[in-house]
Every structure is written in C-alpha cells, then in structure tokens.
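Topology and contacts: notes
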Amino acid sequence: MGLFDDDFYSTKVSRRRNGKSKPSGGYADGKWAVRKSRRSLATWQISLISSVCSAVVAVLLFSLVTGQFAQEKSLAPVVIDKVAVSSSDPFDRIIQAAAHVRPAVVSIINHKEDNKELNILDESALGSGVIYKKDDNKAFIITNNHVIEGAGKLEVVTVDGKTHKAELVGADKVSDIAVLSISDKGINTIAEIGDSSKLRLGETVIAIGNPLGLGDTLTSGIVSYTERTIPVSLNQDGVYDWEQEVIQTDAAINEGNSGGALVDLDGKVIGINTMKISDTGVEGLGFAIPANHVVDTANELTAKGRIARSYLGVYSVDLNNPYVPLADDQRKELNLPAIVTDGVVVLDAVGPAKDAGLQLNDVITKFNDKPITSTLSLRKYLYDHTKIGDKLEITFYRNGEVKQTTVKLLEKPEE
C-alpha cells in the first residue's frame with residue numbers, strides 16, 4: 001500500500017464490533033452480579049493514559065508504514081517508457097567503463113610535411129585513435145581522415161606513455177575514416193565495438209581522447225540525438241557536397257578529440273568522435289561517427305587500403321545553390337525551359353562521362369528517372385545506389401532540349 005492511496009491510517013483505537021461481548025460483570029439468577037473492584041482512576045488520569053497510548057501507537061504505525069514504503073521504493077527499479085533504469089550508481093559505471101576501454105585509446109601525433117624540417121608541432125597535428133583489432137603482429141587503429149591528412153610522419157602514444165611509429169594503412173575522405181598500424185608488441189587491450197543502432201536518446205556516454213595534447217582525457221554526457229544528418233563540405237570550399245550521419249552528444253569534445261572513442265556504460269565503443277560546432281553562444285554540440293558505419297569502412301581500408309566507389313567523371317556546380325548562385329548571364333547561356341529549376345551543371349566531363357558524350361553546360365536532372373537536384377544528391381546516388389560496372393541512364397538538358405545517355409560506371413581513381 002502506498003502513502004498516496006485512498007486508504008489512510010487512523011490513530012484512534014477502534015471498538016470491538018461484536019455486540020455479544022459480555023460486560024465485566026455477569027448474570028446471576030436474573031440479576032446483576034456485582035463485583036467489588038479496586039479504586040478506579042480519576043477521569044483526567046484515564047484521559048492522560050489514553051492520549052499517551054494513542055500517540056505511541058500512531059508513531060509506531062507511521063514508522064512501520066513509511067519504512068516499508070521507502071524500502072519497497074528503493075528496491076523496485078524505476079521504469080520509464082518500459083525501459084528499466086539500473087539502480088546501481090552511474091558514476092561507478094562510468095569509472096568501470098573508462099577503465100575497460102582506456103588502454104585501447106591512443107594519442108596520435110601528425111608531423112606534417114610543412115613543419116618537418118622546423119620540427120614544429122601545432123594543435124592541428126594532434127588527434128586520437130582507437131585500437132580495434134590485432135592481426136599479423138600488427139595492431140590496427142581507427143582514427144579520422146582529417147587527423148592524418150598531410151602527414152609526413154605519424155606517431156602513436158599509448159596510455160602507458162610509450163611512443164610507436166605508425167604506418168598509414170588507408171584513408172577515406174568521404175567517411176572521414178582512416179586506419180593506422182603499429183607493432184602489436186606491448187598492446188594487450190583491444191576496444192570492444194558496440195552496436196550503435198541500439199543507442200537510446202538520453203543514454204549516458206563518455207568521450208576519451210587527446211584534446212589539446214592532454215592525452216587520456218575523459219569527459220561525459222548524454223546522447224543528444226541518435227541519428228543526426230549534417231551537411232559537410234568535402235573540399236572545404238563552403239559548398240556542402242556531402243551529408244554525414246552522426247551521433248550527437250553533449251560530452252565535451254575539443255580539438256584533438258577527433259578519432260577518439262565515444263563509449264557507452266558497458267565500456268563498448270559506439271562511435272568515433274569527429275567534430276564539434278564551435279561558434280559564439282554554442283555549447284554542447286559534439287558529433288561522432290556511428291560504430292556500425294566505422295567498422296565496415298575500417299575493415300575495407302585494412303583489406304584494400306581504400307574504399308571502392310562508383311565514378312562518373314563530372315566536375316559540376318549546382319543550378320540552384322543559395323550559397324553560390326549562378327549569375328544571370330550564366331543562366332541565360334544555359335537556355336533552360338522555365339520548368340527546370342534544379343539540377344547539376346557540368347563544368348567538365350572526363351572518363352566515363354566524357355565517353356558517354358556529356359559536355360560543358362549540360363544540366364543533369366535525373367539518374368535512372370530519379371531526380372538529381374544538386375551535387376550532393378548526385379554523389380549520394382552514385383555512392384549509395386550504384387556499383388562499379390553498373391550502367392546508369394542520365395537525363396540532361398543541352399541548349400534547352402532534353403536528352404538521355406547511358407554511361408558505364410568505373411571505379412573512382414585515387415585522388
């Protein structure tokens with residue numbers, strides 16, 4: 001019974017309900033038999049004793065009820081939206097999770113080509129990584145592509161402070177994932193990879209990495225959003241030409257955390273920290289690439305050194321881009337019908353696109369009858385819906401006339 005039920009406890013002493021109970025005296029031959037009794041207490045004495053007894057009973061009853069309620073409340077798990085919340089101390093779980101994964105998180109030093117002779121180490125040359133497997137006397141480390149980009153020499157510092165020479169196994173700019181290898185001598189811990197698809201909104205997570213060169217740093221927060229899609233500019237030219245699916249967290253992520261681990265309370269890596277939003281008035285917006293996406297990419301990089309993707313061979317600009325709009329004279333030169341408001345303008349065609357007859361100022365509007373509205377949608381269709389060797393039907397406009405051509409997709413060459 002809870003304290004908030006309709007029932008309540010009375011401190012009054014109830015009377016007996018059995019009306020047949022006998023008085024203190026009895027019948028003798030049809031008459032009352034009167035017994036002599038000791039001297040009775042005064043009325044005020046009876047009232048005082050009754051009051052004291054009632055108070056004692058009330059206190060005992062209240063203690064019994066509230067103590068039982070508190071005990072039941074502490075033992076029963078709290079259920080929120082059919083999810084049982086652990087009654088164990090979350091801070092203890094953070095400590096245990098951190099201890100479990102810390103030895104597998106490393107600091108990465110990127111000695112860039114430009115600074116090699118001057119031996120200059122700046123903040124942009126620092127990052128983090130996660131040891132995710134060992135094979136053939138090597139330990140393989142996942143990190144971000146932007147951490148190792150432009151590297152002259154790569155070094156890895158493990159949690160015990162030892163420095164290891166690292167080799168680049170493979171890198172992919174689109175997914176922002178790279179894999180390094182070091183000797184597995186002295187490497188005893190491999191990160192356990194979790195299932196990022198099972199993340200829940202509000203779940204506690206910890207970020208481990210090397211922010212600003214402060215290696216082996218731990219921060220904590222929650223999962224602010226499980227599947228956030230954010231636009232990115234692969235060429236850093238201010239034009240969004242890709243979308244990255246990420247986990248959003250408010251765990252503090254700073255420069256140097258990139259490539260480090262986002263970990264759940266079971267000590268499993270559920271994401272690779274990749275970026276944060278840094279602007280005036282912005283706090284607690286960090287992002288990690290989901291582990292399920294990372295592992296597939298890392299395994300392909302380990303096996304092949306690169307990610308094989310379909311290649312069309314066009315350099316393009318969006319017909320309708322609010323950030324980089326076409327000039328009026330450029331639009332006029334395209335001679336498009338009024339109904340054509342979205343598409344991709346070809347600036348140059350090479351490889352498969354050139355072989356298929358595409359040329360300058362052609363405006364691509366469809367792939368296999370699916371609308372293509374921007375360079376972003378063009379790239380996502382190629383990468384997500386086609387394979388190397390597929391034949392792709394392209395609908396485009398040239399000098400105001402709609403045309404079609406078929407192109408055989410090849411493997412994208414290394415940049």
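What you see is a predicted model, and the numbers here were worked out from it, not measured in a lab. (Residues numbered from 1 in each chain as written. Predicted model: local features only at pLDDT ≥ 70, side-chain atom pairs only at ≥ 80, totals over all residues. Heavy atoms only, no water.)

1. Some thoughts on the overall build of the protein
Scanning the protein from N- to C-terminus turns up 7 helices and 24 strands. When each of the 415 residues of the protein is scored for burial, the buried share is 37%. Within the protein, contacts between residues separated by at least 24 positions form 63% of all contacts whose residues are at least 6 apart in sequence. (Helix = DSSP H or I, 4+ residues; strand = E, 2+ residues; numbered from the N terminus. Buried < 20%, exposed > 50% of the residue type's maximum accessible area, 1.4 Å probe, protein only. Contact = heavy atoms within 4.5 Å.)

2. Quick word on helix α7 (residues 375-385)
The buried count for α7 comes to 9 of 11 residues, which makes it a mostly enclosed element. Every buried residue of α7 is listed here: T375, L376, S377, L378, R379, K380, Y381, L382 and Y383.

3. Considerations on the sheet that holds strand β6 (residues 126-135)
With antiparallel pairing, the 6 strands of this closed barrel are ordered in space as β5-β6-β7-β10-β9-β8. Strand-to-strand twist of the sheet, defined as the mean angle between neighbouring strand axes without regard to direction, takes the value 40 degrees. As defined by bridge partners, strand β7 (residues 138-143) adjoins strand β10 (residues 177-183) across 6 bridges and the pair is classed as antiparallel. Considered in β10, the bridge of A139 is made with I182. Each of β6, β7, β9 (163-172) and β10 is contacted by helix α4 (residues 291-304), which is oriented at about 55 degrees to β10, the strand it contacts most. (Pairing = 2+ DSSP bridges. Axes fitted to C-alpha atoms, helices over the stretch in contact; angles between N-to-C directions.)

4. Describing α4
Taking 1.5 Å of rise per residue, the 14 residues of α4 would be expected to cover 20 Å, and the 20 Å separating its terminal C-alpha atoms lies within 8% of that figure. Those residues of α4 that sit buried are A291, V294, T297, A298 and L301. Along the axis of α4, the buried residues cluster in a sector spanning 130 degrees; they form a single face. Exposed residues on α4 whose side chains face more than 90 degrees from its buried face are D296, A303 and K304. Where α4 terminates, the next one or two residues include G305, which has phi positive at roughly 85 degrees. (Expected span 1.5 Å × (residues − 1). Arc of directions from axis to C-beta.)

5. What to know about the nonpolar core
Side chains of nonpolar character tend, in soluble globular proteins, to be buried together. Formed by 39 residues in total, the largest nonpolar core has its most connected members in V156, L180 and V269. Here the element with the most residues in this core is β10; it accounts for 5 residues. Once you skip the residues sitting within four places of it in the chain, L180 turns out to touch I108, A139, F140, I141, T143, I148, L154, V156, A166, E167, L168 and V169. Residues A353, I372, L376 and I394 belong to the second largest nonpolar core, which totals 25 residues. (Core = buried A, V, L, I, M, F, W, Y, C linked by side-chain atoms within 4.5 Å.)

6. A few points about the confidence of the model for the protein
Put simply, the protein has an average pLDDT of 81, and 73% of its residues get 70 or more. Within the model, the stretch residues 1-38 combines pLDDT values under 50 with 19 contacts to residues more than four positions away or in other chains. Every residue in residues 69-87 scores below 50 in pLDDT, and together they form 9 contacts with partners more than four places removed in sequence or on other chains. (pLDDT = per-residue confidence, 0-100.)

7. Details of the pattern of salt bridges
Scanning the entire structure with this criterion turns up 11 salt bridges. Ionic pairing is found between K380 and D384, a salt bridge with its closest N-O pair at 3.7 Å. You can see K380 and its partner D384 sitting in helix α7, 4 residues apart, about one turn around the helix. (Salt bridge = Lys/Arg side-chain N within 4 Å of Asp/Glu carboxyl O.)

8. Re the layout of surface pockets
For the second largest pocket, the calculated volume is near 640 Å³. Those elements that place two or more of their residues in the lining of the second largest pocket are α3 (145-148), β13 (242-249) and β15 (269-276). Take the lining of the second largest pocket: its biggest share by element is 3 residues, from α3. In the lining of the second largest pocket, the residues fall into 7 nonpolar, 9 polar and 6 charged. (1 Å grid on protein atoms, 1.4 Å probe; cavity = no way out; pocket = protein on both sides within 12 Å on 5 of 7 lines; lining within 4 Å. Points joined across faces, edges and corners; volume = space filled by probe spheres on them. Nonpolar A, V, L, I, M, F, W, Y, C, P; charged D, E, K, R; others polar.)

9. Re a nonpolar patch on the surface
Residues Y240, Y323 and V324 make up a contiguous nonpolar surface patch of about 330 Å² in total accessible area. Structurally, Y323 can be placed in the loop between β18 (314-318) and α5 (328-334). Residue Y323 is classed as exposed on the basis of its relative accessible area, which comes to 61%. (Patch = residues over 30% accessible without salt bridge, like charges linked within 9 Å, V, L, I, M, F, W, Y side chains within 5 Å. Areas by Shrake-Rupley, 256 points an atom, 1.4 Å probe, with all protein chains shown as cover.)

10. Remarks on the side chain of S196
Position of S196 among the secondary structure elements: in the loop between β10 and β11 (204-209). On the basis of relative accessibility, which here comes to 11%, the residue S196 falls in the buried class. The residues contacting S196, other than those within four sequence positions of it, are I247, I270, P290, A291 and N292.

11. Quick look at the packing of aromatic side chains
The geometry of an aromatic ring pair comes down to the distance between the two centres and the angle between the two planes. For the structure shown, the criterion picks out 2 aromatic pairs. Between W242 and Y383 the ring centres are 5.5 Å apart and the planes differ by 55 degrees, which places this aromatic pair in the tilted class. Highlighted residues: W242 in strand β13 and Y383 in helix α7, separated in sequence by 141 residues. An identical accessibility class is assigned to W242 and Y383; each is buried. Its end group placed over the ring of F140, K133 keeps NZ or CZ at 5.5 Å from the ring centre. (Phe/Tyr/Trp six-rings, centres within 6.5 Å; stacked < 30°, edge-to-face > 60°. Lys NZ or Arg CZ within 6 Å of the ring centre and 35° of its normal.)

12. Side note on the pairing of β10
In regular strands, side chains alternate between the two faces of the sheet. Most of β10 sits inside the fold, with 6 of its 7 residues counted as buried. Of the strand pairs in this sheet, β9 and β10 are connected by 5 bridges, and their pairing is antiparallel. Residue L168 lies in a different strand from β10, and its bridge partner there is L180. Hairpin connection between β9 and β10: a loop of 4 residues separates the two successive antiparallel strands, and D176 in this loop has a positive phi of roughly 60 degrees.

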